[in-house]
Amino acid sequence: MKKERFDVTGMTCSACSSRVQKAVEKLDGTQKVNVNLLTNSMQLEYDEQQTDPAAIITVVEKAGYGAVLKDPEGLPSVGASQPKEKIADQQAGQIRQRLIWSLVFLLPMMYVSMHHTVLSWLGLPVPSAVQAVFDGPANAITFAFAQFLLVLPIMYLNRRFYIVGFRTLWQGAPNMDTLVGMGSMASALFGAFAIFRIGWGLGYGDLELVRSYSQNLYFESAGMIVTLITVGKYLEARAKGQTSKALEHLMELAPQEAAVIREGSEQIVPIGQLTVGDSIVVRPGERIPADGVICQGVTSVDESAISGESIPVAKKAGDKVISGTINQQGFIQFTAQRVGADSTISQIIRLVDEAGASKAPIARLADRVAGVFVPVVMVIALVAGASWLAMGASVEFAFSIAISVLVISCPCALGLATPVAIMVGTGKGAGNGVLIKSGEALETAHRIDTVVMDKTGTITEGHPRVTAVRAVNRTEQELLAAAAGLERGSEHPLAEAVIAYAELHQVEPLPMQEFQAVFGRGVRAVSAGHRWCAGSQAFMAENGIVVERIRSELEQMADEGQTPLIFACDGEIAGVIGAADVEKATSARAIREFRQMGIDVVMLTGDNERTAEAIRRRLDIPRVIAGVLPQDKSQHIAALQAKGHKVAMIGDGINDAPALAQADLGIAIGAGTDVAIDSADAVLIRSDLLDAVYAIQLSKAVIRNIKENLFWAFFYNVVGIPLAAGLLYTSLGIKLSPVMGAAAMSLSSVCVCLNALRLRRFRQELPAASADTERSEAAAPALDMPLSIGIEKEKIMMEKTLKIEGMMCAHCQKHVTEALSGMDGVTTVDVDLAGGTAAVKASREIPQAEFARVITDAGYELID
């Protein structure tokens, strides 16, 4: 099955989109057809053996609409020379122009038809010249014919309502244009009929007939109906244009040209001509045009548009750069790895565009109603008019009732209720580093009651770090020097962590000779005549070395989930270094947020139960499943689903692909340069679990907004149609004129769009203390102001002042504050930039080594 997208033209309401969808669904070989009224687009899958794009376009055209196939880049490949948003702006401009000219003719017509009423409201007399020309039975023809001449330009300017409306009626698929066109045309025809009746009355001296028809011309209704609908369409177009601002902003991130080194010289080429392997030059202030790896230069890059992180990221040779980000300081040259449609920014644009064009299952009720809405309204209008005639009402009264029912009914609000909210919601998520692939994923997320998390790379950083150093009969520096010397020749996963820790503390490795590695066990080497070895307890036992002296340290490390690396010199224990895949700074807070939302949290890990239990205690995770093989993760997801749970799986999107596909909602985390993971329903660009919390909270807000929109759309029609039909006229004297009905119809769609736009103000619902810490959007504080954040009112068990080296500016101050605030048990952090200190209060005793690790991870150094 091949997936394609089409631009569909000519749709004006949900009845149109419903007709297009039904027509295409009847075509053999098509499936998952999704027509979106807001974006005027259609996406579907089709079997290339049974049909093709040309056949699909033909079916759409036979249904009375137009279709244009989009290319993989997302822009129309045929018949469209302008970007989509420019076409939308042009259409809004055309509606505005039509509206202005309609008002030019409408205002004098309304004055002619209602000058007595208008001037009496203003307390002004009717000019004698106006009375002489338009008032009285003798001037009835002039009065009527003037309105007739003024309404003709209005009807011509808005002729699309009549052309499309009557065409779709003839095709057996009436839509909103049919209701408007019929209501306006019927009013104009009745006015023309009234002119003939006035002429007959004047010719035969029947002045009562003249007076009666002069007061019921309905030309003002004919003009006012289409003008008010045009007002609504213009406001709706403006509001709908705001819903795609996030997507337009993303599209603006991609530069149009790039400076490439070819044949030894720098050339400026269009972005579409870049190829993999090109050497691209980027100067300060320019946007990076492709994904690649820096081969020359040092700089800092503003990645906020992609990741949402406001602090620039330092880059050097060998580091990756992402398309759409801004080179802030230095001159760099990099090798392109992914260009065009494969680049990160292009894939993000595609995902956001597809998500905005998708439908949520909650929209199915509105779609079913829209399919029969217009014919039902037409029947109601006929029945209402006929009923009033049967009850003895005048023809004019019954006619007014029928017209009011036609023009007040609004299928547009039903059609827009879901897509406007989805487009705003997915755009809001994209702006915060959360890419939600479809409306279905958005709806599913709000029903999640269980979140399953992979440990490695999701809860933790994904690579080990040294967390503890215990030296025996020597200093920690001497132990580190020997450890670094031994591990330089090792391929053990912990070797890199030990070497990095030694380099951080500026410890020179001890020279080693006669290096011997025992695979999976440990290493041996000789330094200055002393025999050193490092490895596990079993390796020590093989070498006759007793570890009882450090037994308590080994037990403590095991209880804390650390992996001990034991060192011995000349047959005696020299010390032990603990390493662990440490938790991310925000993991504990994210888990707390999930639990406060009433969502159960489960951690899957391949670690043994003792290590898993240590992590569970530290992060307060309700349930941990240990010893899980990657291929078995999906089975645990299925088991939870079998118990009736709605399960979200959060993983790295690659090793966890089966589990992500099995879950009701698959969330790939930390995939900023691989956003097209097919198995995930949502992609978090940052490796931050708080973004998963944000995704679910955003989903709840979007679905709540959709329900509000649908309620308004149904409530409006349920209340408006009976009012227009005169249901309350006999008891309360309430009757809506066609003009009032048209005004109400126009405003209903605008209200739906404006309600959806409220989602642009959505912010993550974190407690006040943590919201600023993890999602701070405020400017950095002044350099001489200590930054203080209080997190929870807990019992203070320790207070400590840390001396930190390396802080240079307010951004450094903010980084250190956030890093320390994210530690489990920390209640208050007060960072003094000028003094280079951090005053910390915590509800538990925190080892110095743990502080050192967190400060080091933040890029600074803790001075003992």
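The structure this text deals with has already been given above.
For every chain, the first residue of the written sequence is number 1, and numbering continues from 1 onward in sequence order. Given that the model is predicted, a residue must reach a pLDDT of at least 70 before its local features are reported, and side-chain atom pairs must reach 80 or more before they are shown or counted; all residues, however, enter totals for whole chains, interfaces and linings. Excluding hydrogens and water, the side-chain figures rest on all heavy atoms present in the structure.

Caption draft 1: Inspection of the pairing of strand E15 (residues 450-454) at higher detail. For every residue, the accessible area obtained with a 1.4 Å probe (protein chains only) is divided by the maximum for its type, and the residue is called buried under 20%, exposed over 50%, and partly exposed between those limits. Only DSSP runs of H or I with at least four residues qualify as helices, and only runs of E with at least two residues qualify as strands; both kinds are numbered from the N terminus onward. Taking burial as the measure, the 5 residues of E15 include 5 buried ones, the bulk of the element. Two strands are said to pair when DSSP picks up at least two bridges between them. As paired strands, E15 and strand E22 (residues 600-604) are joined by 5 bridges and run parallel to one another. Residue pairing in the sheet places Val-452 in a bridge with Val-602 of E22.

Caption draft 2: Expanded view of helix H24 (residues 633-642). Every buried residue of H24 is listed here: Lys-633, Ser-634, Ile-637, Leu-640 and Gln-641. For H24, the buried positions fall inside an angular range of 120 degrees around the axis, keeping them on one side. Opposite the packed face of H24, turned more than 90 degrees from it, sit the exposed residues Gln-635 and Ala-642. Between two residues, a contact is recorded if the distance between any of their heavy atoms is within 4.5 Å. Here the buried face of H24 lies against E15, E22, strand E23 (623-625), strand E24 (647-651) and helix H25 (657-662). Phi for Gly-644, located one or two positions after H24, is positive at around 95 degrees. The arc refers to the directions leading from the helix axis to the C-beta atoms.

Caption draft 3: Examining unusual backbone geometry more closely. The residue Ala-528 is not glycine, and still its phi comes out positive at about 55 degrees. Following the sequence through the fold, Ala-528 ends up in the loop between strand E18 (522-527) and strand E19 (530-535). Residue Ala-528 is classed as exposed on the basis of its relative accessible area of 71%. Phi is positive for Asp-570, close to 55 degrees, though the residue is something other than glycine. Within the fold, Asp-570 resides in the loop between strand E20 (563-569) and strand E21 (572-580). A relative accessible area of 42% means that Asp-570 is categorised as partly exposed.

Caption draft 4: Region of interest: the sheet that holds strand E1 (residues 2-9). Overall, antiparallel pairing links the 4 strands, which are arranged E2-E3-E1-E4 in an open sheet. Only two strands of the sheet have a single partner each, and these edge strands are strand E2 (30-36) and strand E4 (66-69). The sheet shows a mean angle of 25 degrees between the axes of neighbouring strands, taken without regard to direction. With respect to the sheet, helix H2 (residues 53-62) is in contact with E1, strand E3 (41-46) and E4, its orientation differing from that of E4 by roughly 160 degrees. Only the stretch in contact is used when a helix axis is fitted, and all axes are lines through C-alpha atoms; the angle between N-to-C directions ranges over 0 to 180 degrees.

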